[in-house]
Amino acid sequence: MKDGKPKLPFGYEAGWQGVARACLWCLFFLVVAGGLAPHPAEEIPFTKAAAGTPVVPMVTIADDHRLIREDVKRDPEKLDILWISDSSGVLIAADKDFVTAGEDDTRILPAFVARDLQDRYGLKNFTIHFYAQLGMHPVDKLIFTLEALRRKPDLIVMPINPFYDFSHYKVMGQNAPLQLAPRAFADRPALWPLGLAIVSPSNGLLTLAGDRLRVICEAGPIKREVERNLLSRFSLLTHGNAGEEAKFDSPLNNVGFWIAYELLGGDVSRITGRDGKPSQQMLNQRVMESGSPLLRHSLATESTRRVMDYLRQSGIPALLYTMPLGDPYYLSPSSANALGNIRDYLRAENRAHEKGTLRLIPEIPANIRRTITFRPGDNTHITEPGAFDDYLARQIWQEIGKYRLQKTEEK
Amino acid sequence: MNFQYDSYAYFFDLLAFAPVLLLLYFSTSSPRLRRLAMTASGMYLMSFIAPRLVLFYLVFWLLVFFVHRCAFTEEGGRRPWLRGARRFLARFSIVLFALPLLLWKIYGNGFTLIFTAQGNELLSLFSTKLWELDMARSVVIPLGLSFTTFRALDLVIKTYLGKIENLRLDEVLFYGFFPPVQVFGPIIEYEDVARQDHNPDAALFLYGLLRVTGGFLKVFVAAAFMHPHVAFPAAPAALPVWVLWLKLLGYYLYLYLNFSGYSDVAVGASALFGFRIKENFNFPLWQTNIQDYWNSWHMSLTHWARRNVYVPAGGYRAETQYLAIFCTMMVIALWHKLTPACFIYGLYHGGLMAGYRHLSEARDGAAEGKTPLWRRPAAGRALTYLAVSVSLPLIFIPESQLLPYYAALLGMGR
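Being a predicted model, the structure only gives us computed values, none of them experimental.

**So, the overall build of chain A**
Working step 1: Scanning chain A from N- to C-terminus turns up 18 helices and 10 strands.
Working step 2: A buried classification covers 50% of the 411 residues belonging to chain A.

**Focus: the overall build of chain B**
Working step 1: In terms of regular secondary structure, chain B is built from 18 helices and 0 strands.
Working step 2: Since a compact globule built from 414 residues should have a radius of gyration of about 22 Å, the 23 Å found for chain B is in line with a globular shape.
Working step 3: Considering only C-alpha atoms, chain B reaches an extent of 60 × 50 × 45 Å along its principal axes.
Working step 4: Taking the intrachain contacts of chain B between residues at least 6 apart in sequence as the baseline, contacts between residues at least 24 apart amount to 75%.
Working step 5: As displayed, chain B has an accessible area near 17,500 Å², and 67% of this comes from carbon and sulfur atoms.
Working step 6: Counting 35 positive and 24 negative side-chain charges, chain B places the averaged centre of each group 3 Å from the other.

**Things to note about the sheet that holds strand E7 (residues 318–322) of chain A**
Residues and elements named next belong to chain A.
Working step 1: Spatially, the 6 strands line up as an open sheet ordered E1-E5-E2-E6-E7-E8, and their pairing is parallel. Of all strands in the sheet, those with a lone pairing partner are strand E1 (55–57) and strand E8 (358–361), marking the two edges. This sheet shows a mean twist of 20° between the axes of neighbouring strands, independent of strand direction.
Working step 2: In this fold helix H3 (residues 109–119) packs onto E1, strand E2 (79–85), strand E5 (126–132) and E7, with an angle of close to 165° to the strand it touches most, E5.

**Topic: helix H11 (residues 241–272) of chain B**
Residue and element names in this part refer to chain B.
Working step 1: The end-to-end C-alpha distance of H11 is 46 Å, a good match for the 46 Å that 32 residues give at a rise of 1.5 Å each.
Working step 2: Where burial is concerned, most of H11 is hidden: 26 out of the 32 residues are buried.
Working step 3: At the C-terminal side of H11, Gly274 shows a positive phi close to 90°.

**Description of the pattern of salt bridges**
Pairing is possible between side chains of opposite charge, provided their charged atoms come close.
Residue and element names in this part refer to chain B.
Working step 1: If you walk through the whole model with that rule in mind, you get 38 salt bridges over all chains.
Working step 2: Here Arg168 ties to Asp170 by a salt bridge, and the two come within 3.3 Å at their closest N and O atoms.
Working step 3: Classification of Asp170 as buried rests on a relative accessible area of 19%.

**Things to note about the domain arrangement of chain B**
Residue and element names in this part refer to chain B.
Working step 1: On domain assignment, one finds that chain B holds domain 1 (7–197) and domain 2 (207–409).
Working step 2: Relative placement of domain 1 and domain 2: their C-alpha centres are 28 Å apart.
Working step 3: In this complex, domain 1 contributes 35 residues to the contact, which on the side of domain 2 involves 28 residues.
Working step 4: With both sides pooled, the region where domain 1 packs onto domain 2 buries about 2,700 Å², and carbon together with sulfur makes up 76% of that total.
Working step 5: It is Lys105, Phe150 and Pro186 that lose the most area in domain 1 upon contact with domain 2, and together they represent 21% of the buried surface on that side.
Working step 6: The interface formed by domain 1 and domain 2 contains 4 salt bridges.
Working step 7: Note that Lys278 is salt-bridged to Glu189, the shortest N-O span being 3.5 Å.

**Section: the packing of aromatic side chains**
Working step 1: Taken as a whole and judged by the stated rule, the model has 57 aromatic pairs over all chains.
Working step 2: Centre to centre, the rings of Tyr175 of chain B and Tyr190 of chain B are 5.5 Å apart; their planes meet at 80°, and the pair counts as edge-to-face. You can see Tyr175 of chain B sitting in helix H9 (residues 169–176) and its partner Tyr190 of chain B sitting in the loop between H9 and helix H10 (202–230), a full 15 residues away along the chain.
Working step 3: On the accessibility criterion, Tyr175 of chain B (0% relative accessible area) is buried.
Working step 4: Lying across the ring of Tyr330 of chain A, Arg369 of chain A places its NZ or CZ 3.8 Å from the centre.

**Some words on the confidence of the model for chain A**
Working step 1: Scored by pLDDT, chain A has a mean of 82; 82% of the residues are at 70 or more.
Working step 2: The low-confidence segment residues 242–251 of chain A (pLDDT under 50) makes 13 contacts with residues lying over four places distant or belonging to another chain.

**Here we look at the side chain of Gln321 of chain B**
Working step 1: As for its placement among the helices and strands, Gln321 of chain B is situated in helix H14 (residues 321–336).
Working step 2: Within polar-contact distance, the side chain of Gln321 of chain B engages the side chain of Arg357 of chain B at 2.4 Å.

**Re a nonpolar patch on the surface**
Residues and elements named next belong to chain B.
Working step 1: The grouping of Val95, Leu99, Leu102, Leu103, Ile106, Tyr107 and Leu338 at the surface amounts to a nonpolar patch, some 620 Å² of accessible area in total.
Working step 2: Turning to its location among the elements, Leu102 is positioned in helix H5 (residues 80–107).
Working step 3: Note on Leu102: relative accessible area 38%, which makes it partly exposed.

**Focus: the pairing of E2 of chain A**
Residue and element names in this part refer to chain A.
Working step 1: Buried residues dominate E2, accounting for 7 of its 7 residues.
Working step 2: Alignment of E2 against E5, held across 7 bridges, turns out to be parallel. Looking at E5, one finds that Ser85 is bridged to Ala132.
Working step 3: Strand direction decides the pairing type here: E2 and strand E6 (residues 155–160), joined by 3 bridges, are parallel. Within the sheet, the bridge partner assigned to Trp83 lies in E6 and is Val157.

**Section: the side chain of Asp86 of chain A**
All names here are of chain A.
Working step 1: Within the fold, Asp86 resides in the loop between E2 and strand E3 (90–92).
Working step 2: Given the relative accessible area of 3%, Asp86 is considered buried.
Working step 3: Of the polar contacts made by the side chain of Asp86, one reaches the side chain of Ser88; its length is 2.6 Å.
Working step 4: For Asp86, the contacting residues outside a window of four places in its chain are Gln133, Met136, Lys141, Pro159 and Asn161.

**Focus on the nonpolar core**
Working step 1: In this structure, Phe11, Trp61, Leu155, Phe178, Trp294 and Trp297 of chain B are the most contacted members of the largest nonpolar core, which totals 114 residues.
Working step 2: Summarising the domain contributions, this core has at least three residues from each of domain 1 (7–197) and domain 2 (207–409) of chain B.
Working step 3: Residues within four places of Leu155 of chain B in sequence aside, it is in contact with Trp61, Val64, Ile164, Leu167, Val172, Tyr175 and Tyr190 of chain B.
Working step 4: If you look at the next biggest cluster of nonpolar residues, it comprises 47 residues, including Leu146, Met158, Leu180 and Ala318 of chain A.

**So, the packing of H3 of chain A against helix H17 (residues 388–402) of chain A**
Residues and elements named next belong to chain A.
Working step 1: Close contact between H3 and H17 brings their axes to 8 Å; oriented N to C, the two are set at 60°. Judged by the sense of rotation from one axis to the other, the crossing of H3 with H17 is right-handed. For the pair formed by H3 and H17, the contact residues are Leu109, Phe112, Val113, Asp116 and Leu117 on the first element and Phe388, Asp389, Asp390, Leu392, Ala393, Ile396 and Trp397 on the second.
Working step 2: Class assignment for the residues of the contact of H3 with H17 results in 9 nonpolar, no polar and 3 charged.

**Quick word on the state of the cysteines**
Residue and element names in this part refer to chain B.
Working step 1: Evaluation of the coordinates by the stated rule reveals 0 disulfides over all chains.
Working step 2: No disulfide involves Cys342; its sulfur sits 17 Å from that of Cys327, the nearest cysteine.
Working step 3: Relative accessible area serves as the criterion here: at 0%, Cys342 is assigned to the buried category.

**Overview of H3 of chain A**
Working step 1: Counted residue by residue, H3 of chain A has 8 buried out of 11 residues, so it is predominantly covered.
Working step 2: Restricting attention to buried positions, one finds in H3 of chain A the residues Leu109, Pro110, Ala111, Phe112, Val113, Ala114, Asp116 and Leu117 of chain A.

**Notes on unusual backbone geometry**
Working step 1: Here Asn379 of chain A, not a glycine, exhibits a phi torsion of approximately 55°, which is positive.
Working step 2: Relative to the helices and strands, Asn379 of chain A is located in the loop between strand E9 (373–374) and strand E10 (382–384).
Working step 3: You can call Asn379 of chain A buried: its relative accessible area is 15%.
Working step 4: In this model, Phe283 of chain B sits at a positive phi of 50°, which is unusual for a non-glycine residue.
Working step 5: What makes Phe283 of chain B exposed here is its relative accessible area of 58%.

Parameters at a glance
Residues numbered from 1 in each chain as written. Chains lettered and ligands numbered in written order. Predicted model: local features only at pLDDT ≥ 70, side-chain atom pairs only at ≥ 80, totals over all residues. Heavy atoms only, no water. Helix = DSSP H or I, 4+ residues; strand = E, 2+ residues; numbered from the N terminus. Buried < 20%, exposed > 50% of the residue type's maximum accessible area, 1.4 Å probe, protein only. Rg over C-alpha atoms; globule rule 2.2 N^0.38 Å. Contact = heavy atoms within 4.5 Å. Areas by Shrake-Rupley, 256 points an atom, 1.4 Å probe, with all protein chains shown as cover. Lys, Arg positive; Asp, Glu negative; His and termini not counted. Charge placed at Lys NZ, Arg CZ, Asp CG, Glu CD. Pairing = 2+ DSSP bridges. Axes fitted to C-alpha atoms, helices over the stretch in contact; angles between N-to-C directions. Expected span 1.5 Å × (residues − 1). Salt bridge = Lys/Arg side-chain N within 4 Å of Asp/Glu carboxyl O. Domains from an automatic or database assignment. Buried area = accessible area lost by both parts, 1.4 Å probe. Phe/Tyr/Trp six-rings, centres within 6.5 Å; stacked < 30°, edge-to-face > 60°. Lys NZ or Arg CZ within 6 Å of the ring centre and 35° of its normal. pLDDT = per-residue confidence, 0-100. Polar contact = N/O pair within 3.5 Å; in protein donor to acceptor, adjacent residues only side chain to side chain. Patch = residues over 30% accessible without salt bridge, like charges linked within 9 Å, V, L, I, M, F, W, Y side chains within 5 Å. Core = buried A, V, L, I, M, F, W, Y, C linked by side-chain atoms within 4.5 Å. Left-handed = near helix turned anticlockwise from the far one by under 90°. Nonpolar A, V, L, I, M, F, W, Y, C, P; charged D, E, K, R; others polar. Disulfide = S-S within 2.5 Å.

Here you go:
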């Protein structure tokens, strides 16, 4: 800058027309760059686990802003079941965890249920669109539910998380679903204040840009693709890299941190196992003991209630089941009491809306629950479904019968 | 647990929001409304990092305003009973405003945990919804704390010296929450943003666009693709010595591209709104000696340190100049981290600066002759580049790995 005036390249004298031209050129180059850049395929988790079944995983990995596969269109000839799921619908081998498990170590609950529907109930012409994200929390579920309603499926299936759907510890998880929020919230003014608080300007821009500015929306995957090529050419320089930057060695995840500080005065030993890592069961039990489930005015409870309301208003049949838990939760008086409160609340909801299209399963029957193998020391996530998949298949089959959704079968 | 927050997300939000903010800002000619729009936007953008940060910085800048108005205004200075207290209050407020930064530098993640937990708890007094949303955000360091501290100290010192007087609350908050430099970029001075009555300027706007674009290209194309190639290796002894050196020299370039890229975005974003804030870099990799390097690298910090450490410590007096140099370099070094390695970094650069000053003075007094090879510009550039590069591990490598790294760099410990 000289004499208070900025110096522009090539002695360029700027006017507002020049600014407009520059903006248009920027836009033009972004569009052209989007055309020239590699078009990496979406990485869709659980593809292998769904192979050979009518289940179609729909959600990309978390840092891909495309998030939901747009290439999969609904087949009007097929019964369309849309299954929204958190980690409770993902079965990881007992010797792995969610971070280390590969595609070979992973199975998904809808695949078991789909086989049961085919083999035991003779349902053939159907697809289960699987909207799964590990760590899906109440606000995420609200966004995914609204996205699901936009697709107008024949039936929606979703688990209820008794720990976090009614407590304040983690109202939302990954950043990516927020990109769906502007579209989902647009025609629901009641959600605008929430939208304003959670949808960042860049989320909004990505939604607006959509496919038009591919180089921005697909920046993550494009970068990975180019990087992969570059890294392979300069392998000597990357050899021996630490990979990720060093991170603070804390035994806690985010939820664990809040529980430790809010309930335990910072004493992490009560939520970490012998290996020094946070125990899912201990964390969940602390949430239960805190009495926070069913916190009436929490954003989480409000979001869960809105999920139910929007499902009812849509008239689309929906089945929400409380995720099954291991016996230790029922042996602890405080958590058994909290689970009882949630069960009573869901039962009351069922009674109040008996004629609606939404059915809630307040609790998985004990005889079914006890056939399930849970992750050791976790008692929350499933490794072997036992009779649970058949139970769910039966419930889905009943819903299908109730609403005569087998119309496509009859054709 | 995620302690990392990528400044990229903040700048992306800022630029995505810029069209709205530009409309808000230039739709009124009232400086007060403009300040309001900018301050509110700064808070809004910061809330996406974590709402607790907004609360913290709001309290912080309210305190700065309180100190500024209650103690250092002209009227306050005329009152004899206050005059005696001014010096005490100046020192006390400097310690007070530097305290969060010092605690963070001393206790690191321990401070971050307590800051997060307490900040969140305080938030619950104002809004339960924000309190819940805050819990869903990362447990992050108080982002922008060092930049904020330096800005606040600068304002307090200038107020004490009578250079800035009688600011209104909205002016202090505007300075505190000025969006382009909230989390990264040059450390601005109040004078940089003191006037808000300007009209939109096409030349400045276009300049801003170019700087923002250039900055993004530096950060997201050049630096992002360089990073995996130049990152410090976890097992340096496993790599050939020449590769280690190549990576080290590359790391300096990467650091420049990343840091100056973000600074470009901050300078450019300010220009979009008609503000010409000071530059942070002036081709530091091209400098021929260590003194010019420090005059062109993170210039806003070195200028701050020169005003507030070097000059008061007697940098312009022959008998105290070397002490002033060491004090200044130590402040700059310990600004990164309060660790022994950073102390060594400060000594190293203080030594280089003092050595260069001594040699320059000796050279000035000597008779002119043929310039030796090592004093030619190309050699000077190469030596300066090398001298800076070899000091970077002191800041960016964990202390436990420093000795093995330097040993591997010298071909030992294999």
